[in-house]
Amino acid sequence: MKPPPMLGEAPIAATIISSPTQISNPMKSMDSIVSLCKRRGFLFQSSEIYGGVQGLWDYGPLGVELKRNLKDAWWRDMIAGHNELVSPAGAPSSFEMVGLDCTILMHPQVWKNSGHYDLFHDFMVDCRESKKRYRHDQVRGRFVEYRETKIFVTTLAEIEHEADEVRRRGMKYFKLRPKNADDLTVGDESITLDKLDSHDEVLGPDAKSLGTLTEPREFNLMFKTTLGALGGEEDTTFLRPETAQGIFVNFKNVLDSSRVKLPFGIGQVGKSFRNEITPRNFTFRSREFEQMEIEFFCHPSQSQAWYGYWRDRRLAWYKSLGLSDEALIMREHHTEELAHYSVGTADIEYAFPFLPEGEYGELEGIAHRGDFDLRSHMEGKLDPSTSPMTVELNENGKPKYRGSGKDLSYRDEESNEKFVPHVIEPSAGADRGVLAFLCEAFTEDEAPDEKGKMQTRTVMKLHPRLAPIKAAVFPLVKKDGMPEVAQEIYGSLKEHFNVFYDAKGAVGRRYRRQDEAGTPYCITVDGESLTDKTVTIRDRDTLEQTRVKIDEIVEVVRERVNE
Ligand code: ATP
């Protein structure tokens, strides 16, 4: 007779729950997340065999699926799956949504009228000693005091190592030995360079002497390139720093070619490029990244209501895919931060583990942009400091940048009113989204192994819609006809989902590998499968195992993945 079903993580005959135990107060360290991402093929540094390039990242076999799933979820939930016949909860009315896919290279005039050519800059400081360049608001440090001397020591180290690194550099600067460590006082507060009034007493991140950092200077973040072989100044253009402008310049094309009526939104997903001065924090600040942007066009009198709607809707979207309430905030910009034409801008921010406690990083911005963009592309770049806005003029009193001269206004068929629509822009980053979901998913808990002994396990609790692999299929052993049954199940699932087949090693080890990959379900073919045509399906998070009929497995996975 066969022995009775084993405890713990072996496939079982009936439904059991052997719940994992959450490790109390788990520390999500960025180092462990980064190392899991590399080890399991979520993310690699670009051109790594040549030493890598800062701020450029490649998505590995698991990462590409995760990122695609996130973009697909956004496209489905915002654009393709939107029902324009009903008014969704919280919306002022029903509305339409369509998509676009525009080029990365555009007419150079686009960037002049959008404001990026003049204004798209960051402040940076140069180090006279190391010849390196840093973004002013990203260099962190602390005040360090030895005897009567107080200096400000900076570092680019990740936040978890920042205080130690400041201490180490402070000791080195004052030439202190370890036994004199107590003579050095390191301030409790970690602050960024832009909060200081002067750089005189600052030890730069790669400097040996004080006061080597210059005053902050502006630096344009757009990558310049040349169209065509001749390469004159007029052929210079830029890799787009945002996808939004492709939408604005196609506004009329969309109106003329589809029968959309206000209010409606146009969405686009695609690559954007910014020559970030200090790319850092893994993929958070990259030089090449993807955005998921909506430009929502509405009547000016309704724009405030739509702004409120999109803020709430976008926040709810992140939560629906698993970001926790406690880790998310909506940060409204203060009125003094807003352009006068805007009634509001809010950022959805996430408590990334590389930030100090209580700090959040932007995932998405939702901006009320008034009619600035459409009018600028129509009339020439507007001066945002004028009210009502007028075209910015050069020293000869002519428009500084010429507009397209095309009419980008809208005529309401019913009222016959003609106006330039106002725009609400929810602008999300796909890479920052992926990073937030990876950080949120990373969990260490304790779960029983095959012998019922509790072991620490690393599990990526990704929402099933986002999980790179939806289910893994295992034969319990590589004999007795189990592989054949498992391969058949694998084949039928693979027609619908990304699934994984694994027959190697102990089943407990196979479960663990899938836990790390974030696979929500593991399907195991065991001895019973051969007689009663059932398999076990194991839930990654609860460890619950249920027997289901082989005939129903595609439906069961479909139901669970779409839940
Ligand atoms: P930050 O202040 O962090 O530089 P931003 O306010 O310039 O961001 P936006 O211009 O509003 O960003 O871009 C919209 C979204 O695009 C951001 O919320 C973010 O998700 C994403 N994004 C912007 N810059 C980067 C970058 N360098 N790397 C990855 N994603 C980015």
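Residues numbered from 1 in each chain as written. Predicted model: local features only at pLDDT ≥ 70, side-chain atom pairs only at ≥ 80, totals over all residues. Heavy atoms only, no water.

Formally: UniProt positions are given in the numbering used here, feature names are shortened, and annotations may be inferred rather than shown by experiment.
As recorded in an unreviewed UniProt entry, the protein goes by Glycine--tRNA ligase and comes from Neorhodopirellula lusitana. The Subunit (unreviewed entry) field of the UniProt record for the protein holds the comment "Homodimer." Here the protein is described in UniProt, under the heading Subcellular location (unreviewed entry), as follows: "Cytoplasm".

### Considering the side chain of H199
Which entries qualify depends on this criterion: Helix numbering and strand numbering both begin at the N terminus, where a helix is a DSSP run of H or I of at least 4 residues and a strand a DSSP run of E of at least 2. Think of it in three bands: residues with accessible area under 20% of the maximum for their type are buried, residues over 50% are exposed, and the middle band is partly exposed, with areas taken using a 1.4 Å probe on protein chains only. Polar contacts, as used here, are pairs of N or O atoms within 3.5 Å; protein pairs need one atom able to donate a hydrogen and one able to accept it. Residues neighboring in sequence count only if both atoms are side-chain atoms. Only heavy atoms enter the contact rule, under which two residues are in contact if any of them lie within 4.5 Å.
Residue placement: H199 occurs in the loop between β10 (191-192) and β11 (202-203). Assessed through its relative accessible area of 5%, H199 is described here as buried. Only 3.0 Å separates the side chain of H199 from the backbone oxygen of T214, close enough to count as a polar contact. In contact with H199, other than residues within four places in its own chain, are V125, H136, L193, G211, L213, T214, E215 and P216.

### Notes on the packing of helix α2 (residues 61-80) against helix α8 (residues 303-320)
Applied cut-off: Where helices are involved, their axes are fitted lines through C-alpha atoms of the stretch in contact, as for all axes, and angles between N-to-C directions lie from 0 to 180°. Here the angle decides the label: under 35 degrees means roughly parallel, over 145 means roughly antiparallel, 65 to 115 means roughly perpendicular, and every other value means oblique. The sense of a crossing depends on the near helix, which, turned anticlockwise from the far helix by less than a right angle, makes the crossing left-handed and, turned clockwise, makes it right-handed. In this classification, Asp, Glu, Lys and Arg are treated as charged, Ala, Val, Leu, Ile, Met, Phe, Trp, Tyr, Cys and Pro as nonpolar, and every other residue, Gly included, as polar.
Interaxial distance between α2 and α8 falls to 12 Å at its minimum, and their mutual angle equals 140 degrees. Classified by the angle their axes make, α2 and α8 are oblique. The handedness of the crossing between α2 and α8 is right-handed. Listed contacts from α8 to L70, A73, W74, D77 and M78 of α2 are W310, R313, R314 and W317. The class makeup of the residues in the contact of α2 with α8 is 6 nonpolar, no polar and 3 charged.

### Remarks on the site of the ligand
To keep things clear, this is the line we draw: Being near a molecule or strand, for a residue, means having at least one of its heavy atoms within 4 Å of it. To measure how exposed things are, a 1.4 Å probe is used in the Shrake-Rupley method; for residues, cover is taken only from the protein chains shown.
Near the ligand, the surroundings consist of 15 residues, among which E276, R285, S286, E362 and L363 are the closest. One nitrogen or oxygen atom from the main chain of F284 is found 3.2 Å from a nitrogen atom belonging to the ligand. Here an oxygen atom of the ligand sits 2.9 Å away from a polar atom, N or O, in the main chain of L363. The protein chains hide 81% of the 590 Å² of surface that the ligand would expose on its own.

### Description of the environment of R512
Following the sequence through the fold, R512 ends up in helix α12 (residues 507-517). Taking the C-alpha atoms as reference points, R512 and I469, 43 residues apart in sequence, are found 14 Å from one another.

### Notes on the nonpolar core
We apply this condition: Nonpolar cores were defined as sets of buried Ala, Val, Leu, Ile, Met, Phe, Trp, Tyr and Cys residues, with membership established by side-chain atoms within 4.5 Å.
Membership of the largest hydrophobic core comes to 60 residues, with the highest contact counts inside it found for F296, W306, W310, Y318, Y350, F352 and L363. Of all the secondary structure elements, the ones that give two or more residues to this core are α1 (30-39), α2, β16 (288-298), α8, β18 (345-350), β19 (361-370), β22 (422-429) and α10 (430-441). The element contributing the most residues to this core is α10, with 8 residues. Once residues within four sequence positions are removed from consideration, Y350 is found in contact with L323, A327, L328, L355, Y360, G361, L363, A436, C439 and E440.

### Thoughts on the pattern of salt bridges
Let me state the cut-off plainly: Salt-bridge detection follows one rule: a side-chain nitrogen of Lys or Arg within 4 Å of a carboxyl oxygen of Asp or Glu.
Evaluation of the coordinates by the stated rule reveals 37 salt bridges. Close ionic contact of K67 with D431 constitutes a salt bridge, the shortest N to O distance being 3.1 Å. Residue K67 is located in helix α2, and its partner D431 is located in helix α10; the two are separated by 364 residues in the primary sequence. This pair shows no difference in class: K67 is buried, exactly as D431 is. A salt bridge links E349 to R331, with the nearest nitrogen and oxygen atoms 3.1 Å apart. Within this pair, whereas E349 is found in strand β18, its partner R331 is found in strand β17 (residues 328-332), the two being separated by 18 residues in sequence.

### Let's talk about the sheet that holds strand β26 (residues 499-501)
Selection criterion: Should DSSP find at least two bridges between two strands, the strands are regarded as paired.
Read from one edge to the other, the open sheet built from 5 strands follows the order β26-β25-β27-β28-β29, with strand pairing classed as mixed. Edge positions in the sheet fall to β26 and β29 (545-549), since each of these pairs with one other strand and no more. Mean inter-strand twist for the sheet, computed between neighbouring axes without regard to direction, equals 25 degrees. Here 4 bridges tie strand β27 (residues 521-525) to strand β28 (residues 534-539), and the two strands are oriented antiparallel to one another. Within β28, the residue paired with T524 across the bridge is T536. Here α12 sits on the sheet in contact with β25 (471-475), β26, β27, β28 and β29, set at roughly 170 degrees to β25.

### A look at the state of the cysteines
Counted only if it meets this: In this description, a disulfide is simply a cysteine sulfur pair whose atoms lie within 2.5 Å.
Here the structure, examined in full by the defined rule, presents 0 disulfides. You can see C37 has no disulfide; the closest cysteine sulfur is in C439, sitting 7.9 Å from it.

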